[in-house]
Amino acid sequence: MKSPGYHKGAADDRFDAKTASTTTARASQTGASDSKGKTPSQLKGATYNVERDRNPQDVKKWLGDFAKKNKLDFIQLQEINGYHKALENIPGYHLVTFPGAKDHGETGVLVKDSLLQGQKTSIQGEGGGWTTVRGGHAPPRAATAVKLAGWLQVVSAHQPPSVDWKGGEPVGPKNRVSTYKSLSEKLLGFAQRKIAKNPDEGLLIGGDWNEPASTKGKWSPNWIAQQAGMKTHGGVESHGHGKIDYAMSYGCKVTNVRAGPTGGSDHNIVMFNVSRPKGKG
């Protein structure tokens, strides 16, 4: 069964999902997406790779409790396509994801109800996907974008593993490299369009890049940031995986970047504050 609002067709890099994401009817019924009242100039955010094959109720409880305790406004999530039902029912929060994307909603953004806007977009990568170590097929990745508080566009991304850069060029299994390249190009295009159209708004792209922010070379996360005029905010060690969970930003200030607990995942949750520069808006 598909819950109301599930996207039935293929998403692309410009798909505007006014009716296609898994967001529940709660915000439209309450008027939360209208951002009534004073718009906050600082948001508390995080990025978290949940990890596959866990008990959905355990994921829901830990993530809901952690978000509430730390007063998080949003969390960029990865590896969530087995947890949609559970994450849709965290009190006070809204899940934005795209089950109709090629990766079946592998990424998403958990958003405090009062901050959610109507602009929700799936950024669909191509590249054919790849064969997993278990012999299965991993589809091309799609990133999830949503506008918050009237001034910040938040994107959750997850790049494939087993791709490295040597001499400025990506190396690894052919299909993984092509999939990584494709999503990097789509994310760059999305960033450039948003910055050109709304230069006074903030943009935050974060997630599990499976590559440190310091890596140089075409199609790397650093390349996206450099080409789009964004800043990377890496540097937090993440549970033995290296510094691969982080964000990049434009038109906003990211501070207090720190690693939290794993919460049962093989990644730490990484938290940060996002501020709107004075004089904007």
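Just so it is clear, the structure is predicted and the values come from calculations on it, not from any experiment. (Residues numbered from 1 in each chain as written. Predicted model: local features only at pLDDT ≥ 70, side-chain atom pairs only at ≥ 80, totals over all residues. Heavy atoms only, no water.)

> Describe the pattern of salt bridges, with residues and values.
Tallied over the entire structure, the rule returns 7 salt bridges. The shortest N-O distance in the salt bridge between D73 and K112 comes to 3.2 Å. Of this pair, D73 sits in the loop between α2 (56–69) and β3 (74–78) while K112 sits in strand β5 (residues 107–112), placing them 39 residues apart in sequence. Salt-bridge contacts for E126 lead to K102; the nearest nitrogen and oxygen are separated by 2.6 Å. In this pair, E126 is assigned in the loop between β6 (116–124) and β7 (130–131) and K102 in the loop between β4 (93–97) and β5, connecting sequence segments 24 residues apart. Residue E126 is classed as partly exposed on the basis of its relative accessible area, which comes to 30%. What you see here is one network of salt bridges that share partners, running through R52, E79, E106 and R141. (Salt bridge = Lys/Arg side-chain N within 4 Å of Asp/Glu carboxyl O. Helix = DSSP H or I, 4+ residues; strand = E, 2+ residues; numbered from the N terminus. Buried < 20%, exposed > 50% of the residue type's maximum accessible area, 1.4 Å probe, protein only.)

> Got a sec to walk through the nonpolar core? Specific residues and values, please.
Residues V155, L187, L203, I205, W209 and M230 are the most contacted members of the largest nonpolar core, which totals 27 residues. Apart from the residues lying within four places of it in its own chain, the contact partners of W209 are A157, Q159, Y180, L187, P221, I224, I244, Y246 and M248. Within the second largest apolar cluster, 22 residues are counted, among which are L43, V109, L148 and W151. (Core = buried A, V, L, I, M, F, W, Y, C linked by side-chain atoms within 4.5 Å. Contact = heavy atoms within 4.5 Å.)

> Could you give me a rundown of the packing of aromatic side chains, with the residues and numbers involved?
For the coordinates displayed, the defined rule picks out 6 aromatic pairs. Ring centres 6.4 Å apart and planes at 50° place the aromatic pair W219 and W223 in the tilted group. For the pair formed by W219 and W223, the shared burial category is buried. An aromatic cluster is built from Y48, W62 and F66, whose rings are joined through pairwise contacts. Taking NZ or CZ as reference, K181 lies 4.2 Å from the ring centre of W219, over its face. (Phe/Tyr/Trp six-rings, centres within 6.5 Å; stacked < 30°, edge-to-face > 60°. Lys NZ or Arg CZ within 6 Å of the ring centre and 35° of its normal.)

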